[in-house]
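Single-letter residue listing:
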Amino acid sequence: MKGVSATASTLVLARPRPTYEQVVASELDSVYKYLVYLTGDRSAAEDLAAETFEKAFRSWRRFDPRRASPRTWLCSIARSVAVDWYRAETRRRRREEAYARELDEVQQFGDDLPGELEAALRRLSPGEREVIALRVLLELDGPSVARVLGISQTACSTRLSRALKQLEETTDVDR
C-alpha cells in the first residue's frame, strides 16, 4: 500500500478529555445507585454521593482517562468514601451504646416524665434518644446537633423526625 506507514496504522486517536461537568452529568445517577447498593440507605447515599463528587472535583486535575473511565474513577472514590462512612458509623454506634450504658447506670432518660412518655422514650434507640435530648431538651439547633453527633444535617433531621414520629405513634397525643 502506497502512502501508508506502519506507525500511521497503529496510531490510536485519543478521545478528548471530558469536562468535570460532563462527567457529573453522565455519572451522577450511576454513582448514587452504587452507593445506595453499598449502604442500603438512600439518605446516606445522597450524602456520600455529594462527598464523592466534592472529592472528585478537588482531584479532577489528576484524573487520567487513559488509566480509567470516569465511572471507574468515581466508583473507586465512592467506595473509599463509603468505607470511611462505615467506619464512622461503627464508631458512632459504639459511642451511643456506651452512652446508653452510662445513662442506665446514672439515671434513665425520661425518669421524671409521665409514665407513657417515659416508656415510649425507653423504646427508642440510644441514637434517637440522644438526638431528642440534644435538639428538644438542650434546645441546640440542627447543625449543632449534627456536629455533636458527627453526622450530616440530613441524617440528623431524619433521625429526629423518625424518633418524634415513633413517640407520637406510641403515645396518645390527644390526651
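The structure this text deals with has already been given above.
K.L.:
Hey, could you run me through the overall build of the protein chain in this one?
P.N.:
Secondary structure summary: the protein chain contains eight helices and zero strands in total. Along the protein chain, helices and strands appear, N-terminal first, in the series α-α-α-α-α-α-α-α. Taken across its 175 residues, the protein chain has 33% of its residues classed as buried. Considering only contacts within the protein chain whose residues lie at least 6 apart along the sequence, 61% involve residues at least 24 apart.

K.L.:
Help me understand the packing of helix α2 (residues 20-39) against helix α3 (residues 42-58) in this model?
P.N.:
Helix-helix packing is described using two parameters, namely the angle between the two axes and the distance between the axes. Running from amino to carboxyl end, α2 crosses α3 at an angle of 140 degrees, the nearest separation of the two axes being 9 Å. By the criterion of interaxial angle, the relationship of α2 to α3 is oblique. Note on packing geometry: the crossing formed by α2 with α3 is right-handed. Contact residues: α2 offers Y20, V24, E27, L28, V31, Y32, L35, V36 and T39, while α3 offers R42, A44, A45, E46, L48, A49, T52, F53, A56 and F57. Residue composition of the contact of α2 with α3, grouped by class: 14 nonpolar, two polar and three charged.

K.L.:
Would you mind going over α3 with me for this structure?
P.N.:
For α3, which comprises 17 residues, the first-to-last C-alpha distance of 24 Å matches the rise-based estimate of 24 Å (1.5 Å per residue) to within 8%. Within α3, burial applies to S43, A44, A45, L48, A49, T52, F53 and A56. For α3, the side-chain oxygen to backbone nitrogen distance between the N-cap and S43 is 3.0 Å, and the N-cap itself is D41.

K.L.:
Please clarify how the environment of V23 should be interpreted in this entry.
P.N.:
Structurally, V23 can be placed in helix α2. Along the primary structure V23 and S69 are separated by 46 residues, whereas in three dimensions their C-alpha atoms are 9.9 Å apart. When sequence neighbours within four positions are dropped, the list of residues in contact with V23 reads P18, L28, W60, P70 and L74.

K.L.:
It is not clear to me how the pattern of salt bridges should be interpreted in this structure. Could you clarify?
P.N.:
Counted under the stated rule, the structure contains six salt bridges. With a shortest N-O distance of 3.7 Å, R87 and D84 are connected by a salt bridge. Here D84 and R87 lie together in helix α4 (residues 70-106), a separation of three residues that amounts to about one turn. Residue classification places D84 among the partly exposed positions, given a relative accessible area of 35%. For the salt bridge of E89 with R93, the shortest nitrogen-to-oxygen distance reads 3.7 Å. Linking E89 with R93, this pair stays in helix α4, spanning four residues, or about one helical turn.

K.L.:
Teacher, can you tell me more about the layout of surface pockets here?
P.N.:
To find the voids left in a structure, one rolls a probe of water-molecule size over its atoms. Estimated volume of the largest pocket: approximately 650 Å³. As for the largest pocket, its lining consists of 28 residues, of which E89, R92, I151, A155 and R159 are closest to the centre. When residues of the lining of the largest pocket are traced back to their parent elements, those giving at least two are α3, α4, α6 (126-137) and α8 (153-170). Classifying every residue of the lining of the largest pocket gives nine nonpolar, six polar and 13 charged.

Reading the values: the criteria
- Residues numbered from 1 in each chain as written.
- Predicted model: local features only at pLDDT ≥ 70, side-chain atom pairs only at ≥ 80, totals over all residues.
- Heavy atoms only, no water.
- Helix = DSSP H or I, 4+ residues; strand = E, 2+ residues; numbered from the N terminus.
- Buried < 20%, exposed > 50% of the residue type's maximum accessible area, 1.4 Å probe, protein only.
- Contact = heavy atoms within 4.5 Å.
- Axes fitted to C-alpha atoms, helices over the stretch in contact; angles between N-to-C directions.
- Parallel < 35°, antiparallel > 145°, perpendicular 65-115°, else oblique.
- Left-handed = near helix turned anticlockwise from the far one by under 90°.
- Nonpolar A, V, L, I, M, F, W, Y, C, P; charged D, E, K, R; others polar.
- Expected span 1.5 Å × (residues − 1).
- Polar contact = N/O pair within 3.5 Å; in protein donor to acceptor, adjacent residues only side chain to side chain.
- Salt bridge = Lys/Arg side-chain N within 4 Å of Asp/Glu carboxyl O.
- 1 Å grid on protein atoms, 1.4 Å probe; cavity = no way out; pocket = protein on both sides within 12 Å on 5 of 7 lines; lining within 4 Å.
- Points joined across faces, edges and corners; volume = space filled by probe spheres on them.

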